[in-house]
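Here is what each chain is made of, one letter per residue.
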Amino acid sequence: MKRQDLLVERLKKYRESEMYPFHMPGHKRQVEGFLGDFPNPFSIDLTEIDGFDNLHHAEGILRESMDWAANVYGADKSYYLVNGSSGGILSAICGSVRSKGRMIMARNCHKSTYHGVILKNMEVSYVYPQILEKLWINGGISAKDVEESLKRFPDAQAVFLVSPTYEGVVSDVASIASVVHERKIPLIVDEAHGAHFFIGEDFPVSALKCGADIVIQSLHKTLPSFTQTAILHVKSKFVDLERLEWYLQVFQSSSPSYVLMAGMEECIFEMEEHGKEYFKKFTQRLERLRKSLSGMKVLKLLDESAVGTSGVYGLDQSKIVVSCYETGVGGAKLGDWLREKYGLEVEMCGIDYVVMITTILDTQEGLCRLENALLEIDQEIAGNRLQRKWRMGEGITKKMKWNEGEEKEGGMKKTGYKRNTKAELTLAEAFEAKWERVPVAACAGRISCEFIYLYPPGVPIIVPGERMDDEIIRQICEYKEKGLLVQGMEDKRAEVIKVCAEKGNAGDTKERN
Ligand SMILES: Cc1ncc(COP(=O)(O)O)c(C=O)c1O
């Protein structure tokens, strides 16, 4: 390899470019200001030498630091995570649900949640987010759906939700917590995208304050902290701390980085000391940006008008979600446009929308660049030339049909992806089953060994262990024909699915979900 091809050289080159990050990490590489006081990482990179405690058996400075953090957040206990929220999610699940036990979970959870389910060979019952129809993104989870699921599955040992979602959609965690607590089991909330809620007054109330028992937050996503830094909070009488702590050791390095830990402590300290000022200024900048973007003609901003619809209880204003649904342009094209013409890198491109992460460390200049770029693109699309070309196509997601959800009081319950999928095996059993690859069209009646997603909104259509019926196969084929992104299978072209080898070898077919 040549020196110029080394990762570090590529990173340095990128650093010198004009590209502006509307993605994580939340520090946005703004190394001036309080980040500028942070020492060269090599100069403070230690291991568990005398006087520096041990994260896995914290009794000294790390214990004091985490107790202080718990106090700042209003938790009973807080734990620094050096393996992102992923490690915290795995620990929370494994520490709360026994092997082969049952968990009720939102179907739109991050893959680490599913990984926890597989590791403990759990039974799962799903609650489905509603869908924000125009944007085709996940709305919220309702307390009523959770309550119904708890009634149907009284053996559930925990409930797991993601709030906010990637797009900033917040569910009514307080109401959900109260129905979960009637069963004396914990509510675990993946708040990976909401680490800033505890400090920003104009942001949704953190799940911890709403009564969730275990809350996991990625500091690196929305606050100025190094990538991989996250924190897990507990405030509960339904959590077995010893078991949780044991799993935190299992899922984290025995050599946790002091650079990362010092970085997250510094981040929380700064937020406690000066966070309110930072967030006040940030909110003013966001209000300005949002007001200006609300005037776009054909691009549409996900805004407060979504609150109160499709289970959306609150919205994180710092996520700039722009829909190009009515233009036919497509999210990937809009993302390319922002990158190539304006030097702006977005966090995520959906089919008909893009997501941009903004944080307190975004500069006024950066936000202005985003504002001008979006207004200009909007103008251009709305202009005659492009409009004629693109208007011929309708919003790409418009071509997707609501699938048959539950019949409710004379109308279709808009759960989007809710189907009568039947779990014949647990995810773990299917994962470990003998498999064969079968063309999609021939998979009706077979049990999948893979996840199958439609992205967005990223809710699995099928998870391992579920039997696929004609209707599901027909819909998967239809999505593919329409050029939608069917993902999750090993076969990237989504032509074959790994299914359990012996047809009918489904073990015990008991009611699983
Ligand atoms: C909703 C959600 N939860 C959890 C995670 C995992 O977080 P981390 O990258 O900190 O491990 C992610 C990552 O993007 C996420 O989007």
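All values derive from a computational prediction rather than experimental measurement.

## Observations concerning the overall build of the protein chain
A count of helices and strands for the protein chain gives 15 helices and 26 strands. In terms of overall dimensions, the protein chain is globule-like: its C-alpha atoms have a radius of gyration of 23 Å, near the 24 Å expected for 513 residues. In terms of principal-axis extent, the alpha carbons of the protein chain reach across some 65 × 60 × 55 Å. Taken across its 513 residues, the protein chain has 50% of its residues classed as buried. Sequence-distant contacts in the protein chain: of pairs separated by 6 or more residues, those separated by 24 or more amount to 72%.

## Things to note about the site of the ligand
Taken together, the neighbourhood of the ligand is formed by Gly84, Ser85, Ser86, His110, Ser112, Val162, Tyr166, Asp190, Ala192, His193, Ser218 and Ala230. In terms of residue class, the shell around the ligand is made up of 4 nonpolar, 7 polar and 1 charged.

## Considering the sheet that holds strand 9 (residues 187-190)
Strand order in the open sheet formed by 7 strands is 2-11-10-9-7-3-4, with mixed pairing between adjacent strands. The strands lining the two open edges of the sheet, one partner per strand, are strand 2 (77-81) and strand 4 (123-127). Each neighbouring strand pair of the sheet contributes to a mean axis angle of 20°, computed without reference to strand direction. Alignment of strand 9 against strand 10 (residues 214-218), held across 3 bridges, turns out to be parallel. Residue pairing across strands places Asp190 opposite Ile216, the latter belonging to strand 10.

## So, the domain arrangement of the protein chain
How large an interface is tends to be reported as the accessible area lost when its parts come together. Along its sequence, the protein chain is carved into domain 1 (34-270), domain 2 (282-397) and domain 3 (419-500). Of note, the centres of domain 1 and domain 2, computed from C-alpha atoms alone, are 29 Å apart. Counting residues at the interface gives 30 residues for domain 1 and 26 residues for domain 2. Secondary structure elements with two or more residues in the side of domain 1 that touches domain 2: strand 5 (131-132), strand 8 (169-170) and helix 8 (219-222). Of the residues assigned to the side of domain 1 that touches domain 2, the class counts are 15 nonpolar, 10 polar and 5 charged.

## Things to note about the pairing of strand 11 (residues 230-234)
With respect to burial, strand 11 is a largely interior element, 5 of its 5 residues being buried. Residues of strand 11 alternate between two faces, with Ala230, Leu232 and Val234 on one and Ile231 and His233 on the opposite face, all of them buried. With 5 bridges connecting them, strand 2 and strand 11 associate as antiparallel partners. Residue pairing for strand 11: Lys77 is matched across the bridge by Val234. Here strand 10 runs beside strand 11; their pairing, made up of 5 bridges, is antiparallel. Among the inter-strand pairings, Ile216 is bridged to a residue of strand 11, identified as Leu232.

## Some remarks on the environment of Ile473
Structurally, Ile473 can be placed in helix 15 (residues 470-481). By the C-beta count within 10 Å, which is 19 here, Ile473 ends up partly exposed. Separated by 29 residues in the primary sequence, Ile473 and Ala444 have C-alpha atoms spaced 6.1 Å apart. Apart from the residues lying within four places of it in its own chain, the contact partners of Ile473 are Val440, Ala441, Cys443, Ala444 and Met468.

## Here's the deal with the packing of helix 4 (residues 84-96) against helix 9 (residues 241-250)
Closest axis-to-axis distance for the helix 4/helix 9 pair is 8 Å, and the angle between their directions is 140°. Taken as axis vectors, helix 4 and helix 9 run oblique relative to one another. The handedness of the crossing between helix 4 and helix 9 comes out as right-handed. Within the contact between the two elements, helix 4 uses Ser91, Ala92, Cys94 and Gly95 and helix 9 uses Arg243, Leu244, Tyr247 and Leu248. Partitioned by chemical class, the residues of the contact of helix 4 with helix 9 number 5 nonpolar, 2 polar and 1 charged.

## Comments concerning the pairing of strand 22 (residues 452-455)
Note that strand 22 and strand 23 (residues 460-462) share 2 bridges and pair antiparallel. The partner of Tyr453 across the bridge, within strand 23, is Pro460. In terms of strand pairing, strand 22 meets strand 25 (residues 485-487) through 3 bridges, oriented antiparallel. Residue pairing in the sheet places Tyr453 in a bridge with Gln487 of strand 25.

## Quick notes on the nonpolar core
Counting 147 residues, the largest nonpolar core has Ile93, Met103, Val159, Phe160 and Ala212 as its most contacted members. Among the elements that make up this core, the one with the highest residue count is helix 10 (residues 258-293) (12 residues). If sequence neighbours within four positions are ignored, Met103 has contacts with Ile93, Val97, Val117, Met122, Val124, Ala156, Gln157, Ala158 and Phe160.

## Points about helix 6 (residues 143-152)
When helix 6 is considered as a whole, its buried residues turn out to be Ala143, Asp145, Val146 and Leu150. The arc enclosing the buried residues of helix 6, seen along the axis, measures out at 160°, which places them on a common side. Residues Lys151 and Arg152 are exposed on helix 6 and point more than 90 degrees away from its buried face. Along its buried surface, helix 6 packs onto strand 3 (102-106), strand 4, strand 7 (156-162) and helix 7 (173-181).

## Considering the environment of Lys221
Here Lys221 lies in helix 8. For the pair Lys221 and Ile351, spaced 130 residues apart in sequence, the C-alpha separation works out to 22 Å. When near neighbours in sequence (up to four residues on either side) are disregarded, Lys221 contacts Met24, Gly26, Ala192, His193, Ala195 and Ile357.

## Quick word on the environment of Phe22
By the element assignment, Phe22 lies in strand 1 (residues 20-22). Judged by C-beta crowding, with 23 C-beta atoms within 10 Å, Phe22 ranks as buried. Dropping the residues within four chain positions of it, Phe22 is found in contact with Leu344, Glu345, Val346, Glu347, Met356, Ile357, Thr358 and Leu370.

What counts, and at which threshold
- Residues numbered from 1 in each chain as written.
- Predicted model: local features only at pLDDT ≥ 70, side-chain atom pairs only at ≥ 80, totals over all residues.
- Helix = DSSP H or I, 4+ residues; strand = E, 2+ residues; numbered from the N terminus.
- Rg over C-alpha atoms; globule rule 2.2 N^0.38 Å.
- Buried ≥ 20, exposed ≤ 12 C-beta atoms within 10 Å, placed from the backbone.
- Contact = placed C-beta atoms within 7 Å.
- Near = placed C-beta within 6 Å.
- Nonpolar A, V, L, I, M, F, W, Y, C, P; charged D, E, K, R; others polar.
- Pairing = 2+ DSSP bridges.
- Axes fitted to C-alpha atoms, helices over the stretch in contact; angles between N-to-C directions.
- Domains from an automatic or database assignment.
- Parallel < 35°, antiparallel > 145°, perpendicular 65-115°, else oblique.
- Left-handed = near helix turned anticlockwise from the far one by under 90°.
- Core = buried A, V, L, I, M, F, W, Y, C linked by C-beta atoms within 7 Å.
- Arc of directions from axis to C-beta.

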